[in-house]
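Breakdown of the fold
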Amino acid sequence: QVQLVESGGGLVQPGGSLRLSCAASGSIYTIYTMGWYRQAPGKQRELVADITSAFNINYADSVKGRFTISRDNAKNTVYLQMNSLKPEDTAVYYCNMRLIRRWAGTPGDYWGQGTQVTVSS
């Protein structure tokens, strides 16, 4: 079975930085898209950023210029560098990957366990 394990969350002051990591393991053939979503209390989950196998990138308007997504295919890992953090960035951040398992013919979506990011003074 495929597992996604996240790390890097924590508490930072406004203007600070964090780097999130998410590594996939298991029987994976190829990963189409790697992405990050977040969910704040009382709000629906939203896309923060994603990156395709062709290295095309999408960012939410609220994070453009502050966050950078990247991927390392050799490690099946996606990163999210978060700079100039604001209190409104506070949320649980979830890693997502759309991939094809080895010996499977169709893609599926897999999620990490979530990591808390809190931006507060």
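Quick note: structure is the one above.
How each quantity is defined
Residues numbered from 1 in each chain as written. Predicted model: local features only at pLDDT ≥ 70, side-chain atom pairs only at ≥ 80, totals over all residues. Heavy atoms only, no water. Core = buried A, V, L, I, M, F, W, Y, C linked by side-chain atoms within 4.5 Å. Buried < 20%, exposed > 50% of the residue type's maximum accessible area, 1.4 Å probe, protein only. Helix = DSSP H or I, 4+ residues; strand = E, 2+ residues; numbered from the N terminus. Contact = heavy atoms within 4.5 Å. Polar contact = N/O pair within 3.5 Å; in protein donor to acceptor, adjacent residues only side chain to side chain.

1. Re the nonpolar core
- Counting 31 residues, the largest nonpolar core has Trp36, Val78, Leu80, Met82, Tyr93 and Met97 as its most contacted members.
- Secondary structure elements with two or more residues in this core: β3 (18–25), β4 (28–39), β5 (46–52), β7 (67–72), β8 (77–82), β9 (91–101) and β11 (115–119).
- Per-element accounting of this core gives the leading share, five residues, to β9.
- Setting aside chain neighbours within four positions, we find leucine 80 in contact with Leu18, Arg19, Leu20, Trp36, Val48, Ala49, Phe67, Thr68, Ile69 and Tyr93.

2. A word on the side chain of asparagine 96
- Relative to the elements of secondary structure, asparagine 96 occurs in strand β9.
- Relative accessible area serves as the criterion here: at 6%, asparagine 96 is assigned to the buried category.
- There is a polar contact of 3.3 Å between the side chain of asparagine 96 and the backbone oxygen of tyrosine 110.
- For asparagine 96, the residues in contact, after removing those within four places along its chain, are Leu4, Thr33, Met34, Gly35, Tyr37, Asp109, Tyr110 and Trp111.

3. Here we look at the environment of arginine 45
- Mapping arginine 45 onto the fold places it in the loop between β4 and β5.
- Arginine 45 gets classed as partly exposed once you look at its relative accessible area, which sits at 34%.
- For the pair arginine 45 and glutamine 3, spaced 42 residues apart in sequence, the C-alpha to C-alpha distance is 21 Å.

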